[in-house]
Amino acid sequence: MNRDLIIKLKSGMLLSILFCVLSGYGQEQLDSATVAKLTPAFLHINGNKPTIGIPEIEGYKVNLIGSDNKVIIDLKGNISSPLVDKKVNLLFKVTRLSDAAYAEIPVKDIDVKGRYQGTGTGEVPFVIPSLREWHGQEGYYTLNKATAIIVSDKDKDARQVAELLQDDIRKMFGLQLIVKTGTPKKGDIFIAASGAEELGEEGYALHIDDVFTIKAKHYKGKVFATRTLLQLLDRDRTALRIPKGDSRDYPTYEVRGFVIDVARKFFTIDFLNDYVEILSYYKLSDFHIHLTDNGFHKFFNFDWDSTYAAFRLENERYPNLTSKDGHYTKAEFINLQKKALRYGVTIIPEIDVPAHSLAISHAIPEVGSKKFGMDHLDLDNPKTYEVVKNIFDEYTQGAQPVFIGEEVHVGTDEYDKKEAEPFRKFTDFVFKTVQDNGKKVRAWGSLTHAQGKTPVRVKDVTLNMWYNGYADPLEMKKLGYAQISTPDGYLYIVPAAGYYYDYLNTDYLYNNWSPRNIGKVTFEKGDPILRGGSFAVWNDVVGNGVSQKDVHNRVFPGIQVLAEKMWTAEDQHLSLYTFNQKRQDVREAPGLNLRGYYKTALPLFGYFDFESQSNNKVNNEWKKAEGTHVDYVAGVTGKGLHFNSETSVLKMPIDEIGEQYTVSFWIKPEKELKGNLFVSKNATISANEQGLGFDRDGYHYDFDCKLPVDEWSFVTVIADGVGTQFYCNGELVKDMKPFDVVKPYKDKNDKEVKFKKIQTLVFPLAEIKLKHAVLDELKIYNKKLSAQEIRSEYWMVKGNGK
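Note that the structure is predicted; figures quoted are calculated from it, not measured.

Rules used in this analysis
- Residues numbered from 1 in each chain as written.
- Predicted model: local features only at pLDDT ≥ 70, side-chain atom pairs only at ≥ 80, totals over all residues.
- Heavy atoms only, no water.
- Helix = DSSP H or I, 4+ residues; strand = E, 2+ residues; numbered from the N terminus.
- Buried < 20%, exposed > 50% of the residue type's maximum accessible area, 1.4 Å probe, protein only.
- Pairing = 2+ DSSP bridges.
- Contact = heavy atoms within 4.5 Å.
- Polar contact = N/O pair within 3.5 Å; in protein donor to acceptor, adjacent residues only side chain to side chain.
- Expected span 1.5 Å × (residues − 1).
- Phe/Tyr/Trp six-rings, centres within 6.5 Å; stacked < 30°, edge-to-face > 60°.
- Salt bridge = Lys/Arg side-chain N within 4 Å of Asp/Glu carboxyl O.
- Axes fitted to C-alpha atoms, helices over the stretch in contact; angles between N-to-C directions.
- Parallel < 35°, antiparallel > 145°, perpendicular 65-115°, else oblique.
- Left-handed = near helix turned anticlockwise from the far one by under 90°.
- Nonpolar A, V, L, I, M, F, W, Y, C, P; charged D, E, K, R; others polar.
- Patch = residues over 30% accessible without salt bridge, like charges linked within 9 Å, V, L, I, M, F, W, Y side chains within 5 Å.
- Areas by Shrake-Rupley, 256 points an atom, 1.4 Å probe, with all protein chains shown as cover.

J.: So what about the environment of Val797? Which residues, and what values?
T.: In this fold, Val797 is placed in helix α15 (residues 787-798). Each C-alpha atom of the pair Val797 and Gly533 lies 56 Å from the other, and the pair is 264 residues apart in sequence.

Spelled out as structure tokens, the structure:
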């Protein structure tokens, strides 16, 4: 064995901990002679396979129940040699045979020697999440046009992963690589048919030499290895070089999730499909989709009938259950789940009952609670049980159910605790309904809030632990519930609501949080009750103008930071400053840029003057804009682009610009502007009788400006994550900051009912359709110009007498 793999363990520390913990049970303390019988030798070398020995104490049973790195030390005590030195934390359970009293004993910071001393040549390559083990060698692997992706002809998984990688390399770098079988040559990528079992379902090994070799036993491991390959290539986008070396990479936690509330704000199926790719790129395992919910009835004059509620999935048994203003067909949702599996991600669908259930009582009014409000289902009504069973059966029954995954989330959140016993009975019923159809259950932790005697099943149930007052983690552990750390005080985003987080405190999370922290409770490292963590975005305030882009801008920093913390947990990390600097260069996913973010050397990165062709004067790497039914005429300076018909279109090299930006242009309409002028799939700049404005996410906003016919006007739009500013001819016309929507009634405490409405815009640039107008001097900046800079731009042209 390289470096004679050894473990450093202070057995005396274990003895003292064991004595102190067991003596805390209020029963007879262990005498020193009994404690001394603990086997001091924790490492037994059986041939070339070292194992952890289980201590023996007369009258006690000792089990190894937890390891925070099961790749290196598994629950059978087997030890796998890491590449570099690693620390492992174990958790033992000691049970007294006479009365079944037990204690869990952590054994901390076991040093396991690696095959190599140190991380080798150069720095550890930066990816998100970080590589768990790395040893660098001299030189570089280089991808080139002749690179092939080599797979075994007997490995269907490897071929599927290779084809996914092939598509992603095309989207990221413009190279069309071939996938084939055979012997890899220099520059090739080789996806081996097998890998080490100890790396688990999502782990993989890399050997980077003249050939980039991936070894993973399971499909997800192969997929996640390719995500690492893509990020490594992207660190050197010009040369496509990767430092040579070896890596073993694997997650600390099996559940690394993100929850999205699509009920109170609809997200398109395209957005969800894009998010599958983003989550996969950062090796997040779970995409939890909250499909049903309702707004707060205080924003709807306390009238349940008019309070907004949504059920986002097609339902055949109760057709009027499905939301008319946005939903997913069964076929769309099945395809989304299948795509997720291809990318190594699991969709967790949620139908929330028996609270947050106004959509159900809107469709079937007799099941709504008259006592607690119609967002609560009536748990004394047998019809409620019938309806809920029918709904879940429609999605979980049969050989090919709509919910194709192993787990289904059933909600069970925030029901009035006055009905604890009926709630517990109903909860057990819903768990049974789903499990009878062959699924495992997830639910929101609530059984501390709803204390009672009615039993609720535990087997194959996992609780999202969101607030310790609703479900105390230690109490739930005693009951035997598996848990997912989802603490609201750390991990809840509620956009523009004024409570929880608008943006997560990612700096704090990076330095201080790991999934074992749930509120004020911190589990021991390696505790098997904890499956992992998840963070969430809740769109509580219906109609507040928040867009898909606004949500993404809030979520994406959390994806980067929490992907790191849920994969690597409490490994040694880069400094916060270094991580924040480097993560700016990691893109969202191959071919995706939902933020519309462009990092360029100069703020002005798009300048179309239309002097010769529709080219970009400052960025020659871009494709040229392509015009149809356009010609060149006199512009505000030199030539301008003439949109000479109703079908004139200029297709731009980017779809949209977001984050902090400025878009400016000169325009001369030949007739009154009407219809969509600037278009992307997410937004439009349009004109109507009132003048210019924009539309996105079902909202319309006016700029309060109408451009004159046969005159040149200088238009400037500036925006960021807060709001939008519209300038005309160098002067501010409208500053579209968040504003208060005030309801014409008071709440029960005679206070004003109001909420903030957002007026943000990611500027649409995919197509320009001006219809009988001349466009000139189109400029795109990835910064916000000041009012003085805008006036200077205006007078620079206007002062020339143009």
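J.: Account for the pairing of strand β38 (residues 691-696), with residues named and values stated.
T.: Where burial is concerned, most of β38 is hidden: five out of the six residues are buried. The antiparallel pairing of β38 with strand β39 (residues 699-702) creates a hairpin that spans two residues between the two strands, and Asp697 there sits at a positive phi of about 55 degrees.

J.: Account for the environment of Asp704, with residues named and values stated.
T.: Turning to its location among the elements, Asp704 is positioned in the loop between β39 and β40 (713-719). Residue Asp704 is classed as exposed on the basis of its relative accessible area, which comes to 52%. Not counting the four nearest positions on each side in its chain, Asp704 is found in contact with Leu692, Val733 and Lys734.

J.: Explain the side chain of Glu588 to me, and be specific about the residues and the numbers.
T.: Tracing the backbone through its elements, the reader meets Glu588 in the loop between α14 (576-583) and β29 (604-608). Reaching out from Glu588, the side chain makes a polar contact with the side chain of His552 at a distance of 2.9 Å. A polar contact of 2.8 Å, which involves the side chain of Glu588, links it to the side chain of Arg595. Discounting residues that sit within four places of it in the chain, Glu588 has contacts with Ile278, Tyr281, Tyr282, His552, Phe556, Asn593, Leu594 and Arg595.

J.: Kindly report on α15, identifying the contributing residues and their values.
T.: Here α15 is 12 residues long and its end C-alpha atoms lie 16 Å apart, about the 16 Å a rise of 1.5 Å per residue gives. Buried positions along α15 lie against β35 (661-669), β40, β41 (724-728) and β47 (773-781).

J.: Which residues make up the sheet that holds strand β30 (residues 626-628), and what values go with them?
T.: Reading across from one edge, β30-β33-β46-β36-β37-β38-β39 is the order of the seven strands in this open sheet, with antiparallel pairing throughout. Each edge of the sheet is formed by a strand with only one pairing partner; in this case those strands are β30 and β39. In this sheet, β38 lies alongside strand β37 (residues 684-688) in antiparallel orientation, the contact comprising five bridges. Note on β38: the bridge partner recorded for Ser686 is Gly693.

J.: So what about the packing of aromatic side chains? Which residues, and what values?
T.: Following the criterion strictly, the structure yields 44 aromatic pairs and no others. Ring geometry for Trp466 versus Tyr470: centroids 5.1 Å apart, planes at 35 degrees, classification tilted. The pair Trp466 / Tyr470 is uniform in exposure class, with both members buried. On the basis of an interplanar angle of 70 degrees and a centroid distance of 6.3 Å, the ring pair of Tyr661 and Phe763 is categorised as edge-to-face.

J.: Describe the pattern of salt bridges, and please don't skip the residues or the numbers.
T.: Going through the model one piece at a time under the given rule, you end up with 60 salt bridges. Arg595 is the partner of Glu588 in a salt bridge, and the nearest nitrogen-oxygen pair spans 2.8 Å. Since its relative accessible area comes to 11%, Arg595 is described here as buried. Here the salt bridges do not stand alone but share partners, grouping Asp167, Asp168, Arg170, Lys171, Arg227, Glu277 and Lys339 into one network.

J.: Tell me about the packing of helix α3 (residues 156-173) against helix α4 (residues 219-234), and name the residues and values.
T.: It is at 10 Å that the axes of α3 and α4 come closest, and there the two elements cross at 20 degrees. Here α4 runs roughly parallel to α3, going by the angle between their axes. In terms of crossing hand, the pair formed by α3 and α4 is right-handed. Here Asp157, Ala158, Gln160, Val161, Leu164, Leu165, Asp168, Ile169, Met172 and Phe173 of α3 come into contact with α4, specifically with Tyr219, Lys222, Val223, Thr226, Arg227, Leu229, Leu230, Leu233 and Asp234. Tallied by class, the residues present in the contact of α3 with α4 amount to 12 nonpolar, two polar and five charged.

J.: Could you give me a rundown of a nonpolar patch on the surface, with the residues and numbers involved?
T.: Taken together, the side chains of Phe296, Tyr499 and Tyr500 present a nonpolar region at the surface, about 260 Å² in accessible area. Along the polypeptide, Tyr500 turns up in the loop between β25 (492-493) and α12 (506-512).

J.: Report on the packing of helix α5 (residues 269-281) against helix α13 (residues 548-568), specifying residues and quantitative values.
T.: Contact pair α5 / α13: the axes reach a minimum separation of 13 Å and the direction vectors enclose 15 degrees. By the criterion of interaxial angle, the relationship of α5 to α13 is roughly parallel. Handedness of the α5/α13 crossing: right-handed. Packed against α5, whose contacting residues are Phe271, Tyr275, Ile278 and Leu279, the element α13 presents Gln548, His552, Val555, Phe556 and Ile559 at the interface. Residue composition of the contact of α5 with α13, by class: seven nonpolar, two polar and no charged.

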